[in-house]
Amino acid sequence: MSALPDPEVDVGFDLIVVGAGFAGMYMLHKARGMGLRARVFEAGDGVGGTWYWNRYPGARCDVESMEYSYQFSNDLQQDWHWTERFAPQPEILRYANHVADRFDLRADIRFDTRVQSAQFDEPSARWTVRTDRGDVVTGQYLVMATGCLSSTNMPAFPGLGSFKGQSYHTGAWPHEPVDFTGKRVGVIGTGSSAIQSIPIIARQASELVVFQRTANYSVPAHNAPLDPDYEAEVKADYPAFRERNSQMMAAFGSRLQVPDRPALSATPEEHRQAFDKAWERGGLGFQRSFNDLMIDSRANEIAKSYVHERIRGIVKDQATADLLCPTQVLGCKRMCVDSGYFDTFNLPHVKLVDIRPKGIEAITPTGVRAAGQDFELDVIVYATGFDAMTGSLLKIDIRGRDGVMLADAWSAGPRTYLGLNVAGFPNLFTISGPGSPSVLTNMIVSIEQHVNWIGGCIDWMRANRRRSIEATPQAQEEWVGHVNAVASGTLYPGCNSWYLGANVPGKTRVFMPLLGFPPYVERCNQVAANGYEGFELRA
Ligand code: N01
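Presented here is an overview of the structure given in this document. Here the structure is a predicted model, which is why all the values come from computation and not from measurement.

## Some thoughts on the state of the cysteines
Within this structure, the stated rule accounts for 1 disulfide. Not part of a disulfide, C61 finds its nearest cysteine sulfur in C336, a span of 13 Å. On the basis of relative accessible area, C61 is assigned to the buried category, the value being 6%. Cysteine C325 is unpaired, with the sulfur of C336 as its nearest cysteine sulfur at 14 Å. The class of C325 is buried, set by a relative accessible area of 7%.

## Focus on the packing of helix 1 (residues 22-33) against helix 14 (residues 443-463)
Two numbers describe how helix 1 lies on helix 14: the axes approach to 10 Å, and their chain directions differ by 35°. The crossing of helix 1 and helix 14 is right-handed. On helix 14, the residues that touch F22, A23, Y26, M27 and K30 of helix 1 are I444, I447, E448, V451, N452, I454 and G455.

## Quick look at the sheet that holds strand 15 (residues 373-376)
Ordered by their spatial adjacency, 3 strands build an open sheet running 13-14-15, and the pairing between neighbours is antiparallel. With one partner strand each, in any of the chains shown, strand 13 (360-364) and strand 15 form the two edges of the open sheet. On average, each strand axis in the sheet is inclined to that of its neighbour by 20°, with strand direction left out of account. Alignment of strand 14 (residues 367-370) against strand 15, held across 4 bridges, turns out to be antiparallel. Bridged to V368 within strand 15 is F375.

## Topic: the site of the ligand
Around the ligand, 23 residues are found, and the nearest of them are R60, T190, S193, T214 and K333. Within the contact set of the ligand, an oxygen atom lies 3.5 Å away from a backbone nitrogen or oxygen of G191. Contact between the ligand and T214: an oxygen atom at 2.4 Å from a side-chain N or O atom of the residue. Considered on its own, the ligand offers 920 Å² of accessible surface; in the complex 89% of this is hidden by protein. A per-class count over the shell around the ligand returns 9 nonpolar, 9 polar and 5 charged.

## Describing the sheet that holds strand 9 (residues 207-212)
The 5 strands lie next to each other as 7-16-8-9-12, forming an open sheet whose pairing is parallel. Two strands lie at the open edges of the sheet, namely strand 7 (166-169) and strand 12 (350-354), each paired on one side alone. When strand polarity is set aside, the average angle formed by the axes of neighbouring strands in this sheet is 20°. Two strands pair when backbone bridges link them, and strand 8 (residues 184-188) and strand 16 (residues 379-382) are joined in this way by 4 bridges, in the parallel orientation. When the sheet's bridge partners are listed, I188 is paired in strand 16 with Y382.

## Looking at the nonpolar core
Membership of the largest hydrophobic core comes to 119 residues, with the highest contact counts inside it found for F22, F286 and W453. At 8 residues, the largest contribution of residues to this core is made by helix 14. When residues no more than four places from it in sequence are discounted, the contact partners of W453 are L418, L420, F429, C524, V527, A528, Y532 and F535. Listed in part, the 21 residues of the second largest apolar core include V115, W127, L142 and L406.

## With respect to the side chain of S432
Relative to the assigned elements, S432 resides in the loop between strand 18 (428-430) and helix 14. Given the relative accessible area of 5%, S432 is considered buried. What S432 contacts, discounting residues up to four positions off in sequence, is C148, M389, S438, M443 and H450.

## As for helix 15 (residues 473-488)
Compared with the 22 Å implied by 1.5 Å per residue over 16 residues, the 22 Å span of helix 15 between its first and last C-alpha is a close match. The set of residues buried in helix 15 consists of A475, Q476, W479, V480, V483 and A487. Projected onto a plane normal to the axis of helix 15, the buried residues spread over an arc of 135° and lie on a single side. The outward face of helix 15, more than 90 degrees from its buried face, is lined by the exposed residues Q474, E478 and S488.

## Some thoughts on unusual backbone geometry
Cis rather than trans, the peptide bond between R356 and P357 has omega equal to 0°. Of note, P357 is situated in the loop between strand 12 and strand 13. Not every positive phi belongs to a glycine, and L418 is a case in point at roughly 65°. For L418, the position within the fold is in the loop between helix 13 (406-409) and strand 18. For L418, a relative accessible area of 0% puts it in the buried group.

## Observations regarding the layout of surface pockets
Taken as a whole, the second largest pocket encloses approximately 850 Å³ of empty space. The wall of the second largest pocket is formed by 32 residues, among which M249, A250, Q287, R288 and Y492 lie closest to the centre. Of the residues belonging to the lining of the second largest pocket, the class tally is 18 nonpolar, 10 polar and 4 charged.

## Quick notes on the pattern of salt bridges
Evaluated as defined, the whole model comprises 30 salt bridges. Of the charged contacts in the structure, one is a salt bridge between D374 and R369, with a shortest N-O distance of 2.9 Å. Note on R369: relative accessible area 34%, which makes it partly exposed. Between D387 and K507 there is a salt bridge, with the nearest N and O atoms lying 2.6 Å from each other. Placement of D387 in the loop between strand 16 and helix 12 (391-395) and of K507 in the loop between helix 15 and helix 16 (517-529) is noted, with a sequence separation of 120 residues between them. When salt bridges with common partners are traced through the structure, they connect E122, R401, E470, E536 and R538 into a single cluster.

The rules behind these values
Residues numbered from 1 in each chain as written. Predicted model: local features only at pLDDT ≥ 70, side-chain atom pairs only at ≥ 80, totals over all residues. Heavy atoms only, no water. Disulfide = S-S within 2.5 Å. Buried < 20%, exposed > 50% of the residue type's maximum accessible area, 1.4 Å probe, protein only. Axes fitted to C-alpha atoms, helices over the stretch in contact; angles between N-to-C directions. Helix = DSSP H or I, 4+ residues; strand = E, 2+ residues; numbered from the N terminus. Left-handed = near helix turned anticlockwise from the far one by under 90°. Contact = heavy atoms within 4.5 Å. Pairing = 2+ DSSP bridges. Near = heavy atom within 4 Å. Polar contact = N/O pair within 3.5 Å; in protein donor to acceptor, adjacent residues only side chain to side chain. Areas by Shrake-Rupley, 256 points an atom, 1.4 Å probe, with all protein chains shown as cover. Nonpolar A, V, L, I, M, F, W, Y, C, P; charged D, E, K, R; others polar. Core = buried A, V, L, I, M, F, W, Y, C linked by side-chain atoms within 4.5 Å. Expected span 1.5 Å × (residues − 1). Arc of directions from axis to C-beta. 1 Å grid on protein atoms, 1.4 Å probe; cavity = no way out; pocket = protein on both sides within 12 Å on 5 of 7 lines; lining within 4 Å. Points joined across faces, edges and corners; volume = space filled by probe spheres on them. Salt bridge = Lys/Arg side-chain N within 4 Å of Asp/Glu carboxyl O.

Right under this line is the structure:
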């Protein structure tokens, strides 16, 4: 990397963007296309966001590669070639870098620079942003492209820091490969990051101890080289393929064409056929085998039993298999997609430790104390997840009208209108913010929809000579109620998931994302068509 530039003092930006992941990169490209002067700040030394930080072994996207990419440029989507059905992290990072090069994005991004504060100034209706490198810049609009899963969750285990061996967090992995050969490794956590990395770590480690608090549902990926016929078929009419996916509730997976029917009206034989088919196909489509799995707990129990049977069929030691069978509602914690996770527990040097009810008792100088035992380790991998959706936003001292802090405005949980703006914080936009479909969808599709909406909004404001936009408290109240009402009609809020913030001690428990991409898009479009109803626009 080249030497870092001197701190910048510039009061002339139209748009300041925080984060150079997929959201920040496209926002910058969009802004330039509109003739806006934009500055992007990025804490890392490269683009890619989540794919820049999450370099743990086995990191891979669980949305298929032909879908997990930008659609704003047809040339880009035609030119780029994915090599696997589910793209691995290094390839996605290469793609992000390709986009940055192709659209010459780096020129307007300041890397290695963390935004510390952002303050709205009422008389000028502009935001002043300060960074840890001394930059002080102002812009009319502030766009938070900070990502939903980017602030790592490191639990305050007693003795944390005392360990003399090597420690890693999956969400902030080193850039150099980590060699586990001959090492005794402990992995804390059994979410997606753990489930993807455990089979790979087990191939190298001399001993692997997995510390499990909650067993998780996982379906096989059946990853494979990308079928060239399938790639050609999609590329022959990429826009129509994108359009079909945008009509799906999670904005991906239209090609599965699963029948839209409830499990409760199907026979046991039909259940087996549908679940077998989904299991053999691999991927998150399993959850769509029937349309009532996330609505009716009896239907959910049927899917749950099927997965238990599969786990018991793979894992030879029945006590271990029992521990690996999750008890919570299937899907209320995000389902995982794995390559050989359950099989790994058949290896003689891999051990599963149930840490309930006490959890991790301590990190010691020589390893981990849990379940009343001391485990001697050379390496500890913390796969303990993220302070999701709000973590990165609240790490920044954001102050809106009258100096009100975002952290105070959200003390009882995040409150937004459309997941795009917060009452009292004019000209602030949150890409894939809480209250929008975000993490319950193909993220790139949601990101593009938000960036396009923000672009349209700024265009409209310019044409109509408005200099500030801000959600009304009433519209925000109604929206928060809507998001909660949608979630409470489902089984999603039924367990301690990060969707609810329940994985971070002390975080207010509220279901943060909104279910259902197509109705959400319709609502956003309606709001715009009606002159940005629900927003106050000042001249
Ligand atoms: O994090 P998680 P993640 N003591 O929160 C455990 C996306 N993602 O990084 O369930 C002991 O899911 C915790 O236990 P429990 C994806 O959206 C995508 O794995 O809270 N254990 C859990 O087992 C995913 O959902 C991909 O009881 C503690 C684990 O740590 C999201 O990122 C790949 C603990 C954390 O699991 C997060 O996944 C990877 C404590 N104090 C991630 N605190 C793709 O494929 C936490 N745990 C695209």
